[in-house]
Amino acid sequence: MKELSITLKEKTPKSKIRELFDLAAGRADVISLGIGQPDFDTPEPAINGNIEALKKNITHYAPTRGIPELLEQIEYKLREINDISVDWKENIIVTNGGSQALTLTFASLFNPGDQFLLFSPNFVSYFYLGPFFGVEVQEIKRREDFGPDFEAMRSALTEKTKAILINSPNNPTGYAFTQNEMEELVQIILEYDLYLISDEVYENYIYDGLKHISPGSMNEIFERTTTLNAMSKLYSATGFRLGYAVAKKEIIDLMEKYHQYTVAGTNHAAQYGFLEALKMDNKFFDEILATYKKRRDFSYERLKEIGFKVIKPQGAFYIMPSLEKFNISSEEFSMRLMKEKGVAVVPGNIFGSYSDDHLRISYATEMNKLREAMNRIEEFVNNL
Ligand SMILES: Cc1ncc(COP(=O)(O)O)c(C=O)c1O
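About the criteria used
Residues numbered from 1 in each chain as written. Predicted model: local features only at pLDDT ≥ 70, side-chain atom pairs only at ≥ 80, totals over all residues. Heavy atoms only, no water. Buried < 20%, exposed > 50% of the residue type's maximum accessible area, 1.4 Å probe, protein only. Helix = DSSP H or I, 4+ residues; strand = E, 2+ residues; numbered from the N terminus. Pairing = 2+ DSSP bridges. Right-handed = clockwise from strand over helix to strand, strands pointing away. Domains from an automatic or database assignment. Contact = heavy atoms within 4.5 Å. Buried area = accessible area lost by both parts, 1.4 Å probe. Axes fitted to C-alpha atoms, helices over the stretch in contact; angles between N-to-C directions. Left-handed = near helix turned anticlockwise from the far one by under 90°. Nonpolar A, V, L, I, M, F, W, Y, C, P; charged D, E, K, R; others polar. Core = buried A, V, L, I, M, F, W, Y, C linked by side-chain atoms within 4.5 Å. Expected span 1.5 Å × (residues − 1). Arc of directions from axis to C-beta.

K.L.:
Tell me about the pairing of strand β3 (residues 115-120), and please be specific about residues and values.
P.N.:
When you tally the buried positions in β3, you get 6 out of 6 residues, the bulk of the element. With burial as the criterion, each face of β3 is covered, one bearing Gln 115, Leu 117 and Phe 119 and the other bearing Phe 116, Leu 118 and Ser 120. Relative to strand β4 (residues 136-141), β3 is paired through 6 bridges, and the arrangement is parallel. Bridge pairing links Gln 115 to Glu 136 in β4. Crossover connection from β3 via helix α7 (residues 124-132) to parallel β4: handedness right-handed. Of the strand pairs in this sheet, β3 and strand β5 (residues 161-167) are connected by 4 bridges, and their pairing is parallel.

Structure, rendered in structure tokens:
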């Protein structure tokens, strides 16, 4: 028979995370530090908004770009929280999670043969979206502290480089850009005539008084920037599958076409849940953030104590200890840790070419489980 998709067969490996979780099947003692979602309940207004919409029989196609009430609310949120002033009629599209905001961005920005740059390690999907659109990923190794290495970035730029993709605060490193770094990035974008893709799905998870910076708020690069966000992490609502993309009209118009012919829109009733969530005072998050900060501090101190070299993350809910001292690959470490101690952590090698000597640990887990998991990791490490 004729050959099936080569891109899917050969350029995209089966998820290693899946394999790891297969090992956990049927075991009651497993503690997962692998999962990329918060552990608090989705706020009630989000759930009620969705239910009320269903009760009103809002069960048919939604407008392709999203319901106007939600688009308007996102416009308000962008102005108040991100300092980005846009017009909801032209500059916003509602998507199926942050994931589809990324797909729409790739579909609308790139032509086959283009290249884009990212700092590595980075979120796993970025590496595979490229090949889906015939676009080449150029990985720039992060600095030792996981910050952006602009010198390396400048020397990697080619004629074909069209965009830079950033995710701050970052999955998996927890790194958040400083104001100076953002300004340097803007200089590069302008100097080399590039686009910027800014994935901000962890914008609320930022510690130590640092402030999240949305590059789309900088007027000189608004036209070149696509800002992505989602309901998923902020409202602990990964199953709602809602997010949005923000960009100049020309880009959003192209996104709308792709959206129309691939998914025809997003879940209609769920958009009312997102709307109600966005109307909540952001203060609902203060207590959650304080809890996550405690877990971050605990994980950092404990990993250091166990003997890992580790950078203190400034955002998101991941920490990435180095295996440098232990002479073991990330895959072997995580597979054996799961088999021998029932703790799931993600091998660093899924996040790009420069992190096989790292693990990703998610601390979005209640404190007593986190404590027990760290004790088990310590026992495991002591027997290596
Ligand atoms: C950096 C980053 N971007 C996008 C996504 C996708 O988010 P969603 O679940 O809203 O599709 C994730 C999910 O883990 C992520 O970590």
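And the narrative resumes.
K.L.:
Any details on the domain arrangement of the protein chain? Residues and values, ideally.
P.N.:
Segmentation of the protein chain into domains returns domain 1 (6-42 + 285-382) and domain 2 (59-282). A separation of 25 Å is found between the C-alpha centroids of domain 1 and domain 2. The partner domain 2 presents 38 residues to the 36 residues of domain 1 that form the contact. Buried area between domain 1 and domain 2, both sides added, is near 3200 Å², and the carbon and sulfur share of it is 61%.

K.L.:
Which residues make up the packing of helix α6 (residues 97-109) against α7, and what values go with them?
P.N.:
Packing of α6 against α7 brings their axes to within 10 Å, and their N-to-C directions diverge by 35°. For the crossing formed where α6 meets α7, the hand is right-handed. Each of Leu 102, Thr 103 and Phe 106 in α6 lies in contact with α7, whose residues at this interface are Tyr 126, Leu 129 and Gly 130. Partitioning the contact of α6 with α7 into residue classes produces 4 nonpolar, 2 polar and no charged.

K.L.:
So, the sheet that holds strand β7 (residues 225-230): which residues are in play, and what are the values?
P.N.:
The mixed open sheet is built from 7 strands, whose spatial order is β2-β8-β7-β6-β5-β3-β4. Looking along the sheet, the strands with just one partner apiece sit at the ends: β2 (92-95) and β4. Ignoring strand direction, the axes of neighbouring strands in this sheet form an average angle of 20°. Of the strands in this sheet, β2, β7 and β8 (243-246) touch helix α4 (residues 68-82), which is tilted by about 115° from β2.

K.L.:
Run through the nonpolar core, naming residues and quoting values.
P.N.:
Grouped together as the largest cluster of nonpolar side chains are 67 residues, with contacts concentrated most on Leu 33, Ile 74, Met 231, Phe 274, Phe 308, Phe 333 and Ile 377. Top contributing element to this core by residue count: helix α11 (residues 268-279), with 7 residues. Split by domain, the residues of this core number at least three in each of domain 1 (6-42 + 285-382) and domain 2 (59-282). Apart from the residues lying within four places of it in its own chain, the contact partners of Phe 308 are Leu 303, Pro 321, Ser 322, Leu 323, Phe 326, Phe 333, Leu 359, Ile 377 and Val 381. In terms of nonpolar packing, the next biggest core, distinct from the first, is built from 23 residues, Phe 106, Leu 109, Phe 116 and Phe 133 among them.

K.L.:
I'd like to hear about helix α9 (residues 179-191), residue by residue, with values.
P.N.:
A rise of 1.5 Å per residue sets the reference length of α9, with its 13 residues, at 18 Å; its end C-alpha atoms lie 18 Å apart and thus fit the reference within 8%. Residues of α9 that are buried: Glu 181, Met 182, Leu 185, Val 186, Ile 188 and Ile 189. One side of α9 carries all its buried residues, which in axial view fall inside an arc of 160°. Looking at the buried side of α9, the elements it contacts are α8 (150-156), β5 and β6 (195-199). Backbone geometry just after α9 places Asp 193 at a positive phi near 55°.

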